[in-house]
Every structure is written in structure tokens, then in C-alpha cells.
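Working through the structure, step by step
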Amino acid sequence: MLHSVAFKGKHFSTLATIFRDHKLAKSKSAFVCTDCGADHSKWQGQCTACNAWNTLSEIRLSSATAARKAKSSGFAGSLSTSQRLSEIDVAEEPRISSGFAELDRVFGGGIVIGSAVLIGGEPGAGKSTLLLQMMCQLAKSQKSLYVTGEESPQQIALRARRLDLPTEHLSVMAETSLDAIMASIDKDPPKILVVDSIQVIYREDISSAPGSVSQVRECAAELVRFAKQRGTILILVGHVTKEGSLAGPKVLEHMIDCSLVLDSSDDSRYRMLRSRKNRFGAVNELGVFAMTDTGMKEVSNPSAIFLSRNESTSSGSIVTSVWEGSRPLLVEIQALADSNQYQNPRRVVVGLEANRLAMLVAVLHRHAGIAVGDQDIFLNVVGGVRITETGADLPAILAILSSMREREIPRDLIAFGEVGLAGELRPVSNGQDRLKEAVKQGFTRAIVPYANRPQNAIKGMTVVAAKTLVEAVEAI
Ligand code: TYD
Ligand code: MG
């Protein structure tokens, strides 16, 4: 077997290493699930950790990793000391501002020095644009390096000039070889390093193609190690495929401190930046940006933009207040119910969970006595917003009823609340703040779950507190 490796001629010079590793570690490859990142020693059709099918991909462990593994199993390392938790020095992590308030909010109040960040998103979401804008500003005070593997320095310079960014201080390097990048940053370590994108970076000693799990994992690990040792802020860009994953984010999420996703819907110029994991702040924090012809602009009052401006009312539309990260957001939910005698009724949902609609329809039938079995129902959240919380249950039902009966819901009314299977209205978090935001945007009436009723009256707002879905429907 050794001979065959040698005669292929590829690894002739490293024969000794191969031989040593072969003796120390039986297997030099592992199988990693691209969905959850779990390791398996052999290939199998289904990942036993997350139950996903066909997600295992082979990675070659580098010789150093293999040797380490073999060594650590023999407890041969030097002694390390442990400390009482209370004796450990804690200081607030030093942070720097990115120059965008919305971005700082998603980071949990600025970027922590020495942290490793992954920004994922579909191609064209605006990751490169946002980072270029940020880096040009930061470069004024911090040593910054933008490594690009996808665009030429000319393209980046052109974009920066078109966006009218300060270009004097930012260094740009077009490179995809990790060794070359490491050599350069090792000699002259930057304070902030962007690598755009991690999928095109490769290590020469790993035979698989750039973007494969093993390349992405090993390259990212090396960059993260560098960042931790030198106190550099590392920002990796990762592309997400249409299926919502790539050989990357999931595999990478273990080793980085903060994972952000830049969401873009095709028809909207608004971009939502969400934190999915953050070791230094809250998750699910939301920052809103707009892609304009002069780059990404932050939207500091998102409630105002998602409400349609037209004054004319129509049936099937209602405004609700959802909780996004640490602030309320007012969005409009639209429903269209249309009678259908011939086939299975259609249920189409955009921006909400489809299964939730099925449940709401059943509750509506059983507890309010309203059958919608002969209706096609379409639900849409205006502005490309995606609602993941249960507070949208009540407004969704009210919108459906409004459309079925062709009765308009007053423009100055908002509703929120979770609907339980017994037809009861359940409270949602931060009811007070949701109501206050509605008042700020000029709403004067609200239907809320009884447990969310305000303790003290809110000026300018009449609140109807309903205990059940039937009560809420009657109130309207
Ligand atoms: P980009 O930042 O290159 O996306 P990513 O790095 O996430 O793949 O953004 C490219 C898109 O943004 C492209 O469709 C054009 C658009 N765009 C604007 O609308 N205005 C601008 O000023 C810029 C720079 C890009
Ligand atoms: Mg890009």
C-alpha cells in the first residue's frame, strides 16, 4: 500500500510523514456532516447526530491534526492548571464601533477585539459592500486588511470610489492561498482582517477543492487561531446556497464567536442582518439596512418603512407588532380568502410558518365555529419580513376573517397575541413595549391577550384585552 502511494509520485518527499502518521493514527480521514458539523469515523447515509440524509462529506485530517489526536489519547501532554471561577480576572471585553449603529446592535454593542465573526448570506446580499464600507471607515483608526479572493483589487477600488468612501488607509490583498495570506499577516498583523470569502481560500497540502468541507474547516481554523493569538478581529464571509447551507457555516459555527446572516429577499431592497450565534451578545438581534445606489444605508426606524403608506383601507390587512431581538417592529399582515368548491383548498404562506396556518384554521373552526375548509387562503407579510414568533397568530386570523367577510380593519388598530389550541389567547413577551411602539407610529387602538393588558393606561391608546379568540373576534 505504501508503495502504491509512493509510485504515484505525489507524496514522495513526505513518505516519512505518511509512514509515521499511518502507524500513529489508523485513519487519516473523517466524515463530517455539512449540516451540523458532527464527526463520524466512517461514511453513512444518515448523520446520527442531526438525522439529515446524505450530508456526510469526507475530510482529510492534516498530518498535524492526526498526530495530535494520537498523542492526546496517550495523555502525553504537559500539565495544565485549573483555576476557581471566582479567581479569574474579568474585564469587560473591549469593543470597537463598526461605524454603523445597526451593525453594532447586532454585534451586541460593537465588535469585540480578538473575536472571530462569520457573515453568511446569499450571493448578492451585499456582504462585500457592507464590509467594504465598514472597513474603509475603520481603517482610519485601526490597521485593517481586506483579503479578497473573489474580486480584483481594481474592482474593489472602483466600488469604493463610486461609493465615495475614504480609501487612503485600507489595505487590500487579492489572494486565495492560505499560506500566502498567513505569511503576510504574520509579518505585519492587522487589527481587523476581512477574508472574502472563506470558500475560495485553500491550503495547498489538502487535496480537496476550495470550498469543500475539509478546506473550509482547516483554513478557518488556522485563521481563527491567528486571530485569537494576535488579538485581531477576524471577519469571514461565507456564501449560503439556495438550500440555506453551504460547505461552511454549520461546520464553522463551532469555532467562531459570532455568526451573522445577511438576509435578502429578491423583491426588496431591504436587507436584514441577524445574529444566529453570539458569544458576546444576544442572538436573534436584528439590524436593518437598505441597499441603495450609494451602498448599504442603515435603517434606524424600521417600523416606519414596513407599513404601507397608502391611506385607503382594504379588507384582509392588519398591522401587528412583533418582537425582533431587542426592539418591537410593526409589520403588516395581508390575507386573501377565496372560495374554492372544486379541489383541495390551497394554503399559501409567505413570511410566516405554513404549519401554524393549518393550526390556526383548525382552532378557528373548532372554537369560533367558522369553517374555512372551502376557502383558498393566502397569507403574506408585507415588505419581505419573516416572522418567527407566535405573536402573529391573532392578527393572521383577524386578517383571514377580514378578507372572508370583506370587512375592513380600521387603519389605527393593531393586534398581537398567541392563539392556543383551546382557543385561548396567550400572552407574548414585551407587550408594553410593543404597544408603545404602536403609539409612536400613530396607532390608537389595540387588541391584545388579557395577560398583556397594560398595568397603567397608555396615553393615546385604547386597549381591548381578550381572554379568548372568540372575544377578540367579537371585539373587532
Ligand atoms: P455584494 O456586496 O457584491 O454582494 P455579496 O458580496 O453578498 O455577494 O452586492 C452586490 C449587489 O448589490 C449587486 O446585486 C449590486 C448591488 N449593489 C447596489 O445595489 N448598490 C451598490 O452601491 C452596490 C455596491 C451594489
Ligand atoms: Mg461578495
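Since the model is a prediction, treat every value here as computed from it, not as a measurement. (Residues numbered from 1 in each chain as written. Chains lettered and ligands numbered in written order. Predicted model: local features only at pLDDT ≥ 70, side-chain atom pairs only at ≥ 80, totals over all residues. Heavy atoms only, no water.)

Details of the overall build of the chain
From N to C terminus, the chain includes 14 helices and 23 strands. Out of the 476 residues in the chain, the part that is buried amounts to 48%. When contacts within the chain are restricted to residue pairs at least 6 apart in sequence, long-range pairs at least 24 apart make up 65% of them. Per element, the accessible surface of the chain, about 24,000 Å² overall, is 51% carbon and sulfur. (Helix = DSSP H or I, 4+ residues; strand = E, 2+ residues; numbered from the N terminus. Buried < 20%, exposed > 50% of the residue type's maximum accessible area, 1.4 Å probe, protein only. Contact = heavy atoms within 4.5 Å. Areas by Shrake-Rupley, 256 points an atom, 1.4 Å probe, with all protein chains shown as cover.)

Some words on helix H11 (residues 354–368)
Over its 15 residues, H11 runs 21 Å from end to end, which matches the ideal 21 Å to within 8%, given 1.5 Å per residue. Those residues of H11 not exposed but buried are Leu357, Leu360, Val361, Val363 and Leu364. Down the axis of H11, the buried side of the element spans an arc of 165°, and every buried residue falls inside it. Turned more than 90 degrees away from the buried face of H11, the exposed residues are Asn355 and Arg366. Positioned one or two residues after H11, Gly369 has a phi angle of 70°, which is positive. (Expected span 1.5 Å × (residues − 1). Arc of directions from axis to C-beta.)

Points about the site of ligand 1
What surrounds ligand 1 is a group of 15 residues, the closest being Gly124, Lys127, Ser128, Thr129 and Thr292. Measuring from an oxygen atom of ligand 1, one finds a backbone N or O atom of Gly126 at 2.9 Å. Residue Lys127 places a main-chain N or O atom 2.8 Å away from an oxygen atom belonging to ligand 1. Taking 550 Å² as the accessible area of ligand 1 by itself, protein coverage stands at 72%. Residue assignment for the shell around ligand 1 shows that the elements contributing at least two residues are helix H5 (127–138), helix H6 (153–162) and strand E13 (286–292). Per-element accounting of the shell around ligand 1 gives the leading share, three residues, to H5. Classifying every residue of the shell around ligand 1 gives four nonpolar, six polar and five charged. (Near = heavy atom within 4 Å. Polar contact = N/O pair within 3.5 Å; in protein donor to acceptor, adjacent residues only side chain to side chain. Nonpolar A, V, L, I, M, F, W, Y, C, P; charged D, E, K, R; others polar.)

What to know about the side chain of Gln375
Take Gln375: it is sitting in strand E18 (residues 375–381). Discounting residues that sit within four places of it in the chain, Gln375 has contacts with Ala337, Asp338, Ser339, Asn340, Pro345, Arg346, Arg347 and Met404.

Comments concerning the pairing of strand E1 (residues 29–33)
Taking burial as the measure, the five residues of E1 include five buried ones, the bulk of the element. In E1, alternate side chains face the same way, and those of Ser29, Phe31 and Cys33 on one face and Ala30 and Val32 on the other are all buried. In the sheet, E1 pairs with strand E3 (residues 56–60) via five bridges, with the strands oriented antiparallel. Paired with Ser29 across the two strands is Arg60, which belongs to E3. Sheet analysis places E1 next to strand E2 (residues 39–40), joined by two bridges and oriented antiparallel. Note on E2: the bridge partner recorded for Phe31 is His40. The turn linking E1 back onto E2 is made up of five residues, and Gly37 within it adopts a positive phi angle of 85°. (Pairing = 2+ DSSP bridges.)

Looking at the packing of helix H7 (residues 178–187) against helix H8 (residues 213–230)
The N-to-C vectors of H7 and H8 enclose an angle of 5°; their axes lie 11 Å apart at closest approach. When the axis of H7 is compared with that of H8, the two are roughly parallel. Residues Leu178, Met182, Ile185 and Asp186 of H7 pack against Cys219, Glu222, Leu223, Phe226 and Arg230 of H8. Partitioning the contact of H7 with H8 into residue classes produces six nonpolar, no polar and three charged. (Axes fitted to C-alpha atoms, helices over the stretch in contact; angles between N-to-C directions. Parallel < 35°, antiparallel > 145°, perpendicular 65-115°, else oblique.)

Digging into the pattern of salt bridges
The tally for this structure, following the rule as stated, stands at 20 salt bridges. The partner of Arg105 in a salt bridge is Glu285, with the nearest N and O atoms 3.6 Å apart. Taken together, the residues Arg105 in helix H4 (residues 101–107) and Glu285 in the loop between strand E12 (270–278) and E13 connect sequence positions 180 residues apart. Arg105 sits in the partly exposed class, given a relative accessible area of 27%. A residue is classified by how much of its surface remains accessible, and Glu285, at 6% relative accessible area, is buried. Arg445 serves as the salt-bridge partner of Asp412, at 3.1 Å between the closest nitrogen and oxygen. (Salt bridge = Lys/Arg side-chain N within 4 Å of Asp/Glu carboxyl O.)

Concerning the packing of aromatic side chains
For the coordinates displayed, the defined rule picks out one aromatic pair. Between Phe100 and Phe289, the aromatic rings sit 5.8 Å apart at their centres with planes inclined by 80°, giving edge-to-face as the arrangement. In this pair, Phe100 sits in the loop between strand E4 (95–96) and H4 while Phe289 sits in strand E13, placing the two residues 189 residues apart along the sequence. A relative accessible area of 10% places Phe100 in the buried class. For Phe289, a relative accessible area of 0% corresponds to the buried category. Seen from the ring of Tyr450, Lys467 lies directly overhead, with NZ or CZ sitting 4.4 Å from the centre. (Phe/Tyr/Trp six-rings, centres within 6.5 Å; stacked < 30°, edge-to-face > 60°. Lys NZ or Arg CZ within 6 Å of the ring centre and 35° of its normal.)

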